[in-house]
Amino acid sequence: MKKINIKFKLSKKMIALLASLILVLVASSIFLFACKAKKPNENLDLTKHLIEVRDVMFISSDEEYTISLLSGEREKDYSLDGQISELVPFGVLILNKTDGSVINSENITYSITFGESYYTGNMEKSPYDNSFLVDIETSIPQDSQVSVTINFGGGQVVDKTLECVSKNFAVSKDRAIELATSNLKSNISKLNKSGEWEAYVRILKDYSDIENKTYYWYIAFIGSDGSTAGILIDSANEEIVSLKV
C-alpha cells in the first residue's frame, strides 16, 4: 500500500491564535490552582467567627480587693447561637474580694476616669459568682491612665490606679489566634463541616493567687451542634498550657 504523507501548513495568524489559546489555558490553570490552594486557609480564618474579643486588661489587686477592667469588642446581642452579628465596644469593670468571698454590701457605686472620659453609676451583683460589675460600653486604650473609686456605703471607699497588664504581653492577640489556628486545625475543619460556629478570645488570670503575675490567652470554639474546643496560651512565652480538642 502506498504511504500517504499529509502535511498541514499553518498560517502566521493561525500560529498566533494557537499560542494565545495556550496562554489562556495556562493562565486559567494557574488561577484555579491558586484558588484551590487559598480556600483551606480561608476556611481556617477564625477571625470571621469571633463574637467576643477581650484583648485589653487593667488590674489592681491587694490582700482585700481585686479590681479589673476588661475591654474589647463583642456581639451587640450576645448569644451562643452560631450566628455572627454586629460587634460593639465594651469595658467591663469587675470588683472581687481577692479571696473570692462574699462582698457584704448591696449598694456599691463606682467612678472611673481615663483620659478626658468619666463614668459613674451603680455596680450590679453578678449572677454567676460573688463579684460586682458594670459595663461602661466603651473601649479603653491600653495607654490610658485609669483611676477607679469604689464606694461601698457607710463611709467605706476604695481608690485605685489600675495597671494595664495586657500591653506588656510578649504574645499578642493576633499571635495567640495564629497558635490556636495551627494547633486546632482539625477541630476548625470539623466545625466548618458541621455548620455555623463561633469563637471568642479572652484574657485569663488565676485570681486566687495574689503573687501570680501570669496571664493567659484563652481561645474557645463553639459549634452549632454543641461541639467545643479550646486552647490556653501563656502570654509570656507561647506555652500551650491546656488544649481541649
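The rules we used
Positions within a chain are numbered from 1, following the residues in the order the chain's sequence is written. Only residues with pLDDT of at least 70 are given local features in this predicted model, and only at 80 or more are side-chain atom pairs given and counted; all residues enter the totals for whole chains, interfaces and linings. The side-chain quantities take in all heavy atoms of the structure and omit both hydrogens and water. Only DSSP runs of H or I reaching four residues or more are called helices, and only runs of E reaching two or more are called strands; each is numbered from the N terminus. Note on classification: 1.4 Å probe, protein chains only; a residue is buried when its accessible area is under 20% of the maximum for its type, exposed when over 50%, partly exposed between these limits. The contact definition used throughout considers only heavy atoms, calling two residues in contact when any of these lie within 4.5 Å. Two rings from Phe, Tyr or Trp (for Trp, the six-membered ring) form a pair when their centres are within 6.5 Å of each other. A pair whose planes differ by under 30 degrees is stacked, one over 60 is edge-to-face, and the rest are tilted. Each pair of strands is called paired provided DSSP finds at least two bridges between the two strands. Per-residue confidence from the predictor is given as pLDDT, running between 0 and 100. Within this scheme a cavity is a closed region of a 1 Å grid, computed over the protein atoms alone, that accommodates a 1.4 Å probe without allowing it to escape, whereas a pocket is open but has protein on both sides within 12 Å along at least five of seven lines; lining residues each have an atom within 4 Å of a point. Grid points are joined across faces, edges and corners, and a volume is the space filled by probe spheres set on the points. Classes in brief: Ala, Val, Leu, Ile, Met, Phe, Trp, Tyr, Cys and Pro nonpolar; Asp, Glu, Lys and Arg charged; the others, Gly included, polar.

J.: Looking at this model, I keep getting lost on the overall build of the protein chain. Mind explaining?
T.: Within the protein chain, the secondary structure is distributed over 3 helices and 13 strands. Expressed as a percentage of its 245 residues, the buried residues of the protein chain come to 37%. Taking as baseline every contact in the protein chain between residues at least 6 positions apart, the subset at least 24 positions apart corresponds to 61%.

J.: Would you explain the side chain of lysine 205 in this entry?
T.: When you line up the elements, lysine 205 lands in strand 10 (residues 197–205). Here lysine 205 is in contact with Ile59, Asn212, Thr214 and Tyr215, once residues within four sequence places are set aside.

J.: Would you mind going over the packing of aromatic side chains with me for this structure?
T.: For any pair of aromatic rings, geometry is given as the distance between the ring centres together with the angle between the planes. Taken as a whole, this structure holds 6 aromatic pairs when the rule is applied. Pairing phenylalanine 169 with tryptophan 217 gives two aromatic rings, centres 5.6 Å apart and planes at 85°, and the pair type is edge-to-face. Placement of phenylalanine 169 in the loop between strand 9 (156–164) and helix 2 (173–183) and of tryptophan 217 in strand 11 (residues 215–223) is noted, with a sequence separation of 48 residues between them. On the basis of relative accessibility, which here comes to 14%, the residue phenylalanine 169 falls in the buried class. The structure contains a cluster of three or more aromatic residues connected by ring pairs, namely Phe169, Tyr215 and Trp217.

J.: Teacher, can you tell me more about the pairing of strand 2 (residues 65–75) here?
T.: Successive side chains on a regular strand alternate, one facing one side of the sheet and the next facing the other. The buried fraction of strand 2 amounts to 9 of the 11 residues, a majority that puts the element mostly inside the structure. Across 9 bridges, the pairing between strand 1 (residues 50–61) and strand 2 is antiparallel. By the bridge assignment for strand 2, valine 53 is matched with glutamate 73. Between the antiparallel neighbours strand 1 and strand 2 lie 3 residues. Pairing of strand 2 with strand 3 (residues 87–97) involves 11 bridges; the strand directions are antiparallel. By the bridge assignment, arginine 74 is partnered in strand 3 with valine 88.

J.: Looking at this structure, I do not really get the pairing of strand 4 (residues 109–114). What am I missing?
T.: Pairing of strand 4 with strand 5 (residues 117–122) involves 6 bridges; the strand directions are antiparallel. Looking at strand 5, one finds that phenylalanine 114 is bridged to serine 117. Relative to strand 8 (residues 146–153), strand 4 is paired through 6 bridges, and the arrangement is antiparallel. Paired with serine 111 across the two strands is threonine 149, which belongs to strand 8.

J.: Hey, could you run me through the confidence of the model for the protein chain in this one?
T.: Fine structural detail should not be taken from predicted coordinates in areas where pLDDT scores are low. Looking at the protein chain, the pLDDT average stands at 83 and 78% of residues meet or exceed 70. Low pLDDT, under 50, characterises residues 1–8; the predicted model gives this stretch 0 contacts beyond four residues in sequence or across chains. For the stretch residues 13–19, pLDDT sits under 50, and the model shows 2 contacts to residues farther than four places along the chain or on other chains.

J.: Where do I start with the layout of surface pockets in this structure?
T.: Empty space among the atoms becomes visible once a probe the size of a water molecule is rolled across them. Of the pockets and cavities examined, the largest pocket occupies roughly 650 Å³. Arg54, Leu70, Val92, Ile94 and Leu133 are the residues nearest the centre of the largest pocket, which is lined by 28 residues in total. Sorting elements by how many residues they give to the lining of the largest pocket places strand 3 first, with 6 residues. By residue class, the composition of the lining of the largest pocket is 14 nonpolar, 4 polar and 10 charged. The computed volume of the second largest pocket comes to approximately 310 Å³. Taken together, 18 residues line the second largest pocket, and the ones lying closest to its centre are Ile59, Glu163, Val165, Lys213 and Tyr215. Ranked by the residues each element gives to the lining of the second largest pocket, the list is headed by strand 1, at 3 residues.

J.: Whenever I open this one, helix 2 confuses me. Can you help?
T.: Residues three or four positions apart in an α-helix share a direction because the helix packs 3.6 residues into each turn. Turning to helix 2, its buried residues number three or more, namely Ala176, Ile177, Leu179, Ala180 and Thr181. In this structure, the buried side of helix 2 is in contact with strand 1, helix 3 (185–194), strand 10, strand 11 and strand 12 (228–234).

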